[in-house]
Amino acid sequence: MGKEKGKRILLDAGHGGTDAGAVSGGVSEEGINLGICLRLAERLRESGHIVILTRDKDAGLSPEERLVKIREYQPDAFVSVHCNAAKNPQAHGVETLYRDDFDYPLAAEIQKALIATTNMTDRGIKNDEKELGRRLAVLGDKETPSCLVEIGFISNRGDLKLIMEEQELIVEALLDGINNWANNG
């Protein structure tokens, strides 16, 4: 990061507690998300950022409780990490969801870094309301640049293999994306 002051980053490991998220091949999303966020937090701190985790163990939080944490900690950025899933096992790739133009630069840097580092299929940077037809509750804070990253499809064998075997690669990509955003913002 050079000599620039680090940012306050709130990392959200999606799901947790009684909400396992997507499950495939005996693997649950909540554990993958948490493992990646714990590693990413350590790497971001080494880069000079102040990092807060919405959860650091298998605990459940509602979307509303996540928004309370955003308001409480007032981070410079909020990044929620998830694994995607689909009924079609052929669905694969990485996508990053954002709320509005305020969030777009963060989402764009993370998506670009994930694609460059992992070589996974680029499913794009998507506006939650326009592309999904609904607002994602965790992207509800309009004061903080926020995005939700789908690091791959847990329901796709190829994506799941990469997610399980190359977590450090995914962490490196997320780190690069956040650092690029921090250095350009």
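**Quick notes on the nonpolar core**
Judged by nonpolar contacts, the single largest core of 41 residues is most densely connected at Leu 11, Ile 32, Val 79, Ile 110, Ile 151 and Leu 174. When residues of this core are assigned to their parent elements, the largest contribution, eight residues, is made by helix H6 (residues 167–184). Setting aside residues up to four positions removed in sequence, Leu 11 forms contacts with Cys 37, Leu 40, Ala 41, Leu 44, Val 51, Ile 52, Leu 53, Thr 54, Val 79 and Ile 178. Counting residues in each nonpolar core, the second largest holds ten residues, with Ile 70, Phe 78, Leu 97 and Leu 139 among its members.

**Focus: the sheet that holds strand E6 (residues 94–98)**
The six strands are arranged E4-E1-E5-E8-E6-E7 in an open sheet whose pairing can be described as mixed. In this open sheet, the two strands that pair with only one neighbour each are strand E4 (50–53) and strand E7 (122–127). On average, each strand axis in the sheet is tilted by 20° relative to the strand beside it, whichever way the strands run. Bridging between strand E1 (residues 8–13) and E4 involves four bridges; their strand directions are parallel. Residue pairing across strands places Leu 10 opposite Ile 52, the latter belonging to E4. Each of E1, E4 and strand E5 (77–84) touches helix H2 (residues 63–73); the most contacted strand, E1, lies at about 170° to it. Packed onto the sheet, helix H5 (residues 157–165) meets E5 and strand E8 (146–153) and runs at close to 110° relative to E8.

Rules used throughout
Counting restarts for each chain: residues are numbered from 1 in the order of the written sequence. Residue-level local features of this predicted model are given only where pLDDT is at least 70; pairs of side-chain atoms are given and counted only at 80 or more, and the full residue set underlies all totals for whole chains, interfaces and linings. Hydrogens and water are ignored here; the side-chain numbers use all heavy atoms of the structure. Among the buried residues, those of types Ala, Val, Leu, Ile, Met, Phe, Trp, Tyr and Cys that are joined through side-chain atoms within 4.5 Å form a nonpolar core. Relative accessible area decides the class of each residue, using a 1.4 Å probe on protein chains only: under 20% of the type maximum gives buried, over 50% gives exposed, and in between gives partly exposed. Secondary structure elements are defined from DSSP: runs of H or I of at least 4 residues count as helices, runs of E of at least 2 residues count as strands, and each element is numbered from the N terminus. A contact between two residues is defined here by any heavy atoms of the two lying within 4.5 Å. Following DSSP output, two strands are said to pair if at least two bridges run between them. Axis geometry follows a simple rule: fit a line to the C-alpha atoms, using only the stretch in contact for helices, then measure angles between N-to-C directions, giving values from 0 to 180 degrees.

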